[in-house]
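Read off the chains here:
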Amino acid sequence: MAATPDESRTGPPTPPDGGVFSAPTQVMDAGDVSRALRRMAHEITERNHGVERVVLVGLVTGGVVLAEELAARLAEIEPAAPPVGRLDVSFYRDDIALRRVMPHAVTDIPVELTGRVVVLVDDVLFTGRTVRAALDALNDHGRPKAVQLAVLVDRGHRELPIRPDFVGKNLPTSREEDVRAGLDGVQLRRRTTGVAGDRGAVTGSEAR
Amino acid sequence: MKHLLGVIGQPRAMLEELLQLSDSFAEVNARAIPKVPALRGRTVATLFFEDSTRTRLSFETAAKRLSADTLSFSVSSSSVKKGETLRDTALTLQAMRIDAIVVRHASSGAPWQLARWLDCSVINAGDGWHEHPTQALLDCYTLRRHFGSLDGLRIAIVGDIKHSRVARSDVWAFTALGAEVTLVAPRTLLPPSLEGWPVQVSEDLDRVLGSSDVVYLLRMQRERQHEALVPSLREYTARFGLTRDRAERLADRAVVLHPGPMNRGVEIAPEVADLDRCLVLDQVANGVTVRMAVLYKLLAGSAADPHDAVGDEAWGPIRSGGSDG
Amino acid sequence: MADLHTFVLKGASVLDASGRRSADVLVRDGFVAAVGEGLDAPRVLDAAGCIITPGLVDLNAGLGEPGAEEAETVHSAARAAALGGYTTIVGRADTDPVVDSAASVRELRALAEGAACRVLPSASITVGARGERLTPMAELAALGVRLFADDGVGIHDARLLRRAFEYAAGLGVVICQFAQEPSLAAGGHLHEGPWSARLGIGGIPAEAEEVVVMRDLALARLTGAQLHFRTLSTAASLAMVHSARRRGLPVTAEVAMANLLLVDEDCAGFDPATKFRPPLRSAEDRRALVGRLAAGELDAVVSAHTPHSVQDKEVPFDEAAPGASMLQWTLALGLSELTLGEGGPQANAVGLAELIGALSWKPASILHGTVPAGTALTYGVIESGAAADLAVIDPTATWILDPAAGASRSRTTPFAGRSLRGRVRHTIVGGEPMVLDGVAQR
């Protein structure tokens, strides 16, 4: 998932709906992300009175590495790190008829979820549709006692009644903007021309 | 990718993509409730001009585990002979708003013709002696799960190659994925020309046996002895059957595959069919898995993959110490 | 009205068995009245830049009628033929019912009344083409039947074929053999070779044809009868026929245009339009056939026109009926794909005279005996006194083959959409323009 600049590319990048993106603006750097994750780890253990019954489940692809990082931070403040799984929600999306969504990794839920607290972890929270699909997918893996949601960036524009429990950074954006979030930082870029109606931007795993 | 018609000449990348996608569905199939809503609202029709309950059930199971609706259309050859052409039958089905047709036909090439006439996806579930692409995929998937990779595997395909769609598809899929294939059969059961086939040929199973990682046995049809292709099934078994004696001379890591249904006592001895190294039941289970992958690949969405459209390369490098703008 | 039957074809060059020269052709009352520079008549048919050749003669045209009128009638076939430059076509006897009796010959003659070109019947060798009893050949010969064939089946019983040869030899008729050994061809739909193996379709080996050619040449030698092979398709078959004739045997052979243009690989898309009988052979066979044509060694190139209704081809390849609609396109396909175009050198190019000869005066000479008694027709040379059966071909006209625009009721062809070079402008049958400026007059 490392953002590798493509030197061979000429001209500005092209958004999927047409138009042109501006150069990215740095919103958080790696140090900022690291501090935010440490705070979120504290919030998770505080809310759940420890992490004995907690399972971290990263959403493929952007949430997986964040879930692992959160587990590592929790291991620093708790006797043992919680188990970490990953969930690919491709098969549960409600927009499959509109767009081809191919799974990027095999779902791996290492423990029985029934009776546990599942913390879903993702990079960017946008419309909420990925999270909705994730809740459906979780259903097929058992019946957790509770499900909580941790995101590195909440950029707003929810289309469903979903709210995060743990947030790295609230980042007000417009629909024409695009957000990328990872361990190495958070960037924002703006579509400068050719705004394509109501489809909004597509970013990370938070594809509408 | 709109249709899956054949694997002959398909690039390695396409086969590998489907095998990799199959891993996701293997995970689904391992769950207590092996079902996902991925193809909800889609309709998959099986159109079998030739009976094959096994293949039809495998496709229908795959479709149902993806929450697609299924429709089964079996056409006895007699009703077709009454004057309805292949095209008529296909257009009738299309009028029912089908998203994909899974077709089995005794005539080579029939799925290619259907694909020319129809707007929906066409999946070849076996045509004549020509191709059986999902069988090839499930065979590859079975071997990949067992050995990790097909690269460098030595595979002997034994039996009636000439009349076998399984052999034709397997030869090209196995070799595309890096395996070496040897066909083992009497001259009468080989195609009239192997020009351009990436294979070696032997008439001596015993010489090939010890150095094979995989022995792939084909079904020996009883009719073949009446067509003077083999003198008798007894002689066939003596020369090309995987007898108990031959099974003992297999390499330690060697496995046995068969597309089913097996003729125990003809191409395979009853005891050999029950050995752990005989992966026939794995093949059946994997059949559902790879067919889920094929259906999903063909039917999930129609536009280009958004992951292709939104490339990470569109982003610039992260600068350290950037402002919190 | 008499004036209508006198006209001059102006501005063309004449190509016939005697060579090629610049000349006008004056036609009067069904015959060529004069050939030379600066001829004139009140009625002038423009032939500027065209080639005037003796009308084309097809020895092998499927008529459809009787039995399959929805696919073709005698009149629709004749119209397509005339548009394709043919002035005479010989209908195959493989209709339903088979042409095997005086009554069926008379019926066909009646159907051919008023058709756009001459339509002559052929008849089967055995009753119903069942390979059992001989047809009344003497009676049929008296009605003008010259070619006898059990088309699409052939005669497999060597003793029966010997009897047919012996009986026919005294009548001056020609026994035509469809050369395919059924036990070797059984279950086959495609030339046996790498493509049949790859496509998983049963093959018909070249040898299925060659063993019959070999045997029949021996029987022809034994009986001294005139033997004509239907649609040979392999290099070895033609080599055997060629060397037999050099040894003095009265044997001829025809080749279907499709076998000169297409090969087995063209069937790779499983399009039933590419299914033919005999099958499209290997590229080597095709090269050898074209080489024979270029060397002037082919006795006849035939259309092997086979009308089908659409549903005959909307089935899988192995269930589909073989053959295609060819009469209207055979000449243009040959000109476009085999002869040297304006575009420059082309390997194995066939000369214009060799192509036209194999489509016109060479098959005419095989058919020579069918000329109705009392007429003084000479075939192959356009000279004063010759029958005015003429094709006027514009060799530079370019067009696209559109089966729906054809005159034949049957539209199945693997050549749809091909760019063609060379087109028939006028077809004159017995002194009457049946095609004028590319438009059928009947």
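Residues numbered from 1 in each chain as written. Chains lettered and ligands numbered in written order. Predicted model: local features only at pLDDT ≥ 70, side-chain atom pairs only at ≥ 80, totals over all residues.

Explain the overall build of chain C residue by residue, including any values.
Per the secondary structure count, chain C includes 13 helices and 21 strands. In summary, chain C has a C-alpha radius of gyration of 21 Å against a globular reference of 22 Å for 442 residues, a match within 12%. In terms of principal-axis extent, the alpha carbons of chain C reach across some 60 × 50 × 45 Å. Within chain C, buried positions represent 59% of all 442 residues. (Helix = DSSP H or I, 4+ residues; strand = E, 2+ residues; numbered from the N terminus. Rg over C-alpha atoms; globule rule 2.2 N^0.38 Å. Buried ≥ 20, exposed ≤ 12 C-beta atoms within 10 Å, placed from the backbone.)

Describe the overall build of chain A, naming the residues involved and giving the relevant values.
From N to C terminus, chain A includes 3 helices and 9 strands. Helices and strands in chain A line up, N terminus first, as β-β-α-β-α-β-β-α-β-β-β-β. The long-range fraction of contacts in chain A, counting pairs at least 24 apart against all pairs at least 6 apart in sequence, stands at 72%. (Contact = placed C-beta atoms within 7 Å.)

Pulling in residues and values, what's your account of the environment of Ser52 of chain B?
Residues and elements named next belong to chain B. Mapped onto the secondary structure, Ser52 falls in the loop between strand E1 (43-48) and helix H2 (53-65). Its 16 C-beta neighbours within 10 Å are what place Ser52 among the partly exposed residues. When the C-alpha positions of Ser52 and Gly126 are compared, they lie 9.7 Å apart, and in sequence the two are 74 residues distant.

Can you explain the interface of chain C and chain B? Please cite residues and give values.
Listed as interface residues are 18 residues of chain C and, on the opposing side, 21 residues of chain B. Among the elements that take part in the side of chain C that touches chain B, helix H6 (residues 194-199) of chain C stands out by supplying 4 residues, more than any other. Across the side of chain C that touches chain B, the residue classes tally to 8 nonpolar, 6 polar and 4 charged. (Nonpolar A, V, L, I, M, F, W, Y, C, P; charged D, E, K, R; others polar.)

Let's hear about the sheet that holds strand E18 (residues 390-400) of chain C: which residues, and what values?
Residue and element names in this part refer to chain C. Strands sit in the order E3-E2-E7-E18-E19-E20-E21 across an open sheet of 7 strands; the sheet is mixed. Looking at strand neighbours, the two that pair on one side only are strand E3 (19-22) and strand E21 (439-440), the edges of this open sheet. As defined by bridge partners, strand E7 (residues 51-54) adjoins E18 across 4 bridges and the pair is classed as antiparallel. Paired with Ile52 across the strands is Val392, a residue of E18. Against the sheet, helix H11 (residues 330-337) makes contact with E18 and strand E19 (419-429), and its axis sits at roughly 140° relative to E19, the strand it touches most. (Pairing = 2+ DSSP bridges. Axes fitted to C-alpha atoms, helices over the stretch in contact; angles between N-to-C directions.)

Describe the sheet that holds strand E4 (residues 24-28) of chain C, with residues and values.
Residue and element names in this part refer to chain C. On the basis of which strands lie adjacent, the open sheet formed by 4 strands has the order E5-E4-E1-E6 and mixed pairing. Looking along the sheet, the strands with just one partner apiece sit at the ends: strand E5 (31-36) and strand E6 (44-46). The sheet shows a mean angle of 25° between the axes of neighbouring strands, taken without regard to direction. In the sheet, strand E1 (residues 6-10) pairs with E4 via 4 bridges, with the strands oriented antiparallel. Bridging across to E4, Val8 finds its partner in Leu26.

Could you give an account of the packing of helix H4 (residues 86-94) of chain B against helix H5 (residues 110-117) of chain B, naming the residues involved and the relevant values?
Helix-helix packing is characterised by the crossing angle of the two axes and by the distance between the axes. All names here are of chain B. H5 packs onto H4 with a crossing angle of 55° between their chain directions and a minimal axis gap of 10 Å. In this view, H4 runs oblique relative to H5, as classed from their interaxial angle. Handedness of the crossing formed by H4 with H5: right-handed. Contacts between H4 and H5 pair Leu86, Arg87, Ala90 and Leu91 from the former with Ala110, Gln113, Leu114 and Trp117 from the latter. In terms of residue class, the contact of H4 with H5 is built from 6 nonpolar, 1 polar and 1 charged. (Parallel < 35°, antiparallel > 145°, perpendicular 65-115°, else oblique. Left-handed = near helix turned anticlockwise from the far one by under 90°.)

Describe the nonpolar core, listing the residues and the values that go with them.
Of all hydrophobic cores here, the largest spans 293 residues; its most connected members are Ile157 and Leu295 of chain B together with Phe148 of chain C. No other element matches the 9 residues that helix H13 (residues 280-299) of chain B contributes to this core. Here this core gathers at least three residues from each of two domains, domain 1 (12-132 + 285-302) and domain 2 (134-282) of chain B. (Core = buried A, V, L, I, M, F, W, Y, C linked by C-beta atoms within 7 Å. Domains from an automatic or database assignment.)

Tell me about the confidence of the model for chain C, and please be specific about residues and values.
Residues with a pLDDT of 70 or more make up 95% of chain C, whose mean pLDDT is 93. Model confidence for the complex is summarised by a pTM of 0.88, with the ipTM given as 0.88. (pLDDT = per-residue confidence, 0-100.)

Give me the environment of Ser282 of chain C: which residues, what numbers.
Positionally, Ser282 of chain C belongs in the loop between helix H9 (257-261) and helix H10 (283-294). Along the backbone, Ser282 of chain C and Ala81 of chain C are 201 residues apart, and their C-alpha atoms lie at a distance of 29 Å.

Go over the environment of Asp170 of chain B, please, and point to the residues and values.
Residue and element names in this part refer to chain B. Positionally, Asp170 belongs in helix H7 (residues 165-176). Each C-alpha atom of the pair Asp170 and Leu137 lies 8.2 Å from the other, and the pair is 33 residues apart in sequence. Setting aside residues up to four positions removed in sequence, Asp170 forms contacts with Ala136, Asp139, Ile157 and Tyr216.

Describe the packing of H2 of chain B against H13 of chain B, naming the residues involved and giving the relevant values.
Residue and element names in this part refer to chain B. Packing of H2 against H13 brings their axes to within 8 Å, and their N-to-C directions diverge by 60°. Our classification of the angle between H2 and H13 gives oblique. H2 and H13 meet at a crossing whose hand is right-handed. Contacts between H2 and H13 involve Ser58, Phe59, Thr61, Ala62, Ala63 and Arg65 on the former and, on the latter, Gly287, Val288, Arg291, Met292 and Leu295.

Provide a residue-level description of H4 of chain B, including the pertinent values.
All names here are of chain B. All of the buried residues in H4 are Leu86, Ala90 and Leu93. Projection of H4 onto a plane perpendicular to its axis shows the buried side chains occupying an angular sector of 60°, all on one side. Tucked into the core, H4 has its buried residues touching E1, strand E2 (69-74), strand E3 (100-105) and H5. (Arc of directions from axis to C-beta.)

So what about H2 of chain B? Which residues, and what values?
All names here are of chain B. Counted at 1.5 Å a residue, the expected span for H2 with its 13 residues is 18 Å, and the 18 Å between its end C-alpha atoms agrees. Within the span of H2, buried status applies to Thr55, Ser58, Phe59, Ala62, Ala63 and Arg65. Tucked into the core, H2 has its buried residues touching helix H1 (12-29), E1, E2, E3, strand E4 (121-127) and H13. Positive backbone phi, at 70°, marks Ser67, one or two positions downstream of H2. (Expected span 1.5 Å × (residues − 1).)

Describe unusual backbone geometry, listing the residues and the values that go with them.
With an omega of 0°, the peptide bond running from Val60 of chain A to Thr61 of chain A counts as cis. Tracing the chain through its elements places Thr61 of chain A in the loop between strand E3 (54-59) and helix H2 (62-77). Along the chain, Arg277 of chain C connects to Pro278 of chain C via a cis peptide bond; the corresponding omega equals -5°. Inspection of the secondary structure assignment puts Pro278 of chain C in the loop between H9 and H10. Although it is not a glycine, His49 of chain A adopts a positive phi angle of roughly 55°. For His49 of chain A, the position within the fold is in the loop between helix H1 (30-47) and E3.

Describe the confidence of the model for chain A, with residues and values.
All names here are of chain A. Considering every residue of chain A, the mean pLDDT works out to 84; 80% of them sit at 70 or more. In this model residues 1-11 is a low-confidence stretch, pLDDT under 50, and it forms 15 contacts with partners more than four residues away in sequence or in other chains. Scored below 50 in pLDDT, residues 195-208 makes 46 contacts in the model with residues more than four places away or belonging to other chains.

I'd like to hear about the pairing of strand E5 (residues 117-125) of chain A, residue by residue, with values.
Residues and elements named next belong to chain A. Of all 9 residues in E5, 9 are buried, a share of seventy percent or more. Bridge analysis of E3 against E5 gives 5 bridges, and the strand direction is parallel. Within E5, the residue paired with Val54 across the bridge is Val117. Taken together, the 8 bridges between E5 and strand E6 (residues 146-154) define a ladder with parallel strand orientation. Bridge pairing in E6 places Asp122 opposite Val151. Crossover connection from E5 via helix H3 (residues 129-139) to parallel E6: handedness right-handed. (Right-handed = clockwise from strand over helix to strand, strands pointing away.)

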